[in-house]
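Residue strings, one per chain:
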Amino acid sequence: MSSANHLLNAKDVVAGYAPDLPILHKVSVSVDAGEVVSIIGPNGAGKSTFIKAIAGLVEVNAGQIFFYGRSILNIPTHKLALSGVAFVPQTGNVFSSLTIKENLILGSVGLTKKKAGERIEAIYKKYPILNERSHQRAGTLSGGQRQILAVARALLTEPRLILLDEPTAGLSPMAAKELFEVVRMLAKKGTAVLMVEQNAKAALSISDRGYVLAEGKNRIDGPAKSLL
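Here's a quick rundown of the structure. These figures come from a predicted structure and were not determined experimentally.

Quick notes on the pattern of salt bridges
Part 1 of the reasoning: Summed over the entire model, instances satisfying the criterion amount to six salt bridges.
Part 2 of the reasoning: For the salt bridge of Glu 35 with Arg 209, the shortest nitrogen-to-oxygen distance reads 2.7 Å. With Glu 35 in the loop between β2 (24-31) and β3 (36-40) and Arg 209 in strand β9 (residues 209-214), this pair connects stretches of sequence that are 174 residues apart.
Part 3 of the reasoning: Looking at Glu 35, the relative accessible area reads 11%, which means it is buried.
Part 4 of the reasoning: Notably, a salt bridge pairs Arg 119 with Glu 158, separated by 3.3 Å at the nearest N-O pair. A residue pair is termed long-range when its members are at least 10 positions apart, and Arg 119 in helix α4 (residues 113-126) and Glu 158 in the loop between α6 (143-155) and β7 (161-165) qualify at 39 residues.
Part 5 of the reasoning: On the basis of relative accessibility, which here comes to 16%, the residue Arg 119 falls in the buried class.

See below:
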């Protein structure tokens, strides 16, 4: 598949939190449908900045980002969600004072009431723990359960690409394993997953391909098995 045909194709991205102080220096990453791609590297490498740039949370100063061949450069996050791109941040990704059900209802804003109800029911079937605790406040869930809720809420828009920023941060090994199983299941059903992860070994073990960033630049990329 040529680079032009990738589901997501980010090329030579320059971005940062101030125009004259770029954190990313011509970073390029591609993702295909049904593929899990991990971005790894040391602290301060620009991993989270890059995924936030794709999500429209950090301004891109140069380069291109294409989703299904259409530029999504600097499009606001809420508009990207309607285009089929979902973003799950590392922290603050659930409404702690609201119940699981209320979180899912908020995630379905923009859908018709009928469609929202159907998709929430589908989420309950896919993740029984959320159904069993639907009236429990999200803030009382374990870290792993909160992350699953955050991913589930993102899935309500039926995204073709889901962006995960450090999804296992602070999770126990068992909770991280369960979350990675969810990620693989998403890919098996055709969703593309681009994941920034500090636990390089664990991330690559469930990924198809990986990219190593250092000092805001591409350093190594290739099949996950070879990077391991």
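Some details on the environment of Leu 155
Part 1 of the reasoning: Along the chain, Leu 155 turns up in helix α6.
Part 2 of the reasoning: Each C-alpha atom, one on Leu 155 and one on Arg 119, is 8.8 Å from the other, the two residues being 36 residues apart in sequence.
Part 3 of the reasoning: Non-local contacts of Leu 155, meaning those with residues more than four positions away in its chain, are made with Ile 123, Lys 126, Tyr 127, Ile 162 and Leu 186.

A word on a nonpolar patch on the surface
Part 1 of the reasoning: On the surface, Phe 95, Leu 106 and Val 109 cluster together to form a nonpolar patch covering roughly 290 Å² of accessible area.
Part 2 of the reasoning: The residue Leu 106 is located in helix α3 (residues 100-107) in this model.

Looking at the side chain of Lys 47
Part 1 of the reasoning: Residue position: Lys 47 is located in helix α1 (residues 47-54).
Part 2 of the reasoning: Buried and unpaired, Lys 47 has no salt bridge, with Glu 166 as the nearest side chain of opposite charge at 4.6 Å.
Part 3 of the reasoning: At 3.1 Å, the side chain of Lys 47 forms a polar contact with the backbone oxygen of Pro 42.
Part 4 of the reasoning: In this structure, Lys 47 is in contact with Ile 39, Ile 40, Gly 41, Pro 42, Glu 166, Val 196, Glu 197, Gln 198 and Leu 213, ignoring residues within four places of it in sequence.

Reading the values: rules and limits
Residues numbered from 1 in each chain as written. Predicted model: local features only at pLDDT ≥ 70, side-chain atom pairs only at ≥ 80, totals over all residues. Heavy atoms only, no water. Salt bridge = Lys/Arg side-chain N within 4 Å of Asp/Glu carboxyl O. Helix = DSSP H or I, 4+ residues; strand = E, 2+ residues; numbered from the N terminus. Buried < 20%, exposed > 50% of the residue type's maximum accessible area, 1.4 Å probe, protein only. Contact = heavy atoms within 4.5 Å. Patch = residues over 30% accessible without salt bridge, like charges linked within 9 Å, V, L, I, M, F, W, Y side chains within 5 Å. Areas by Shrake-Rupley, 256 points an atom, 1.4 Å probe, with all protein chains shown as cover. Lys, Arg positive; Asp, Glu negative; His and termini not counted. Polar contact = N/O pair within 3.5 Å; in protein donor to acceptor, adjacent residues only side chain to side chain.

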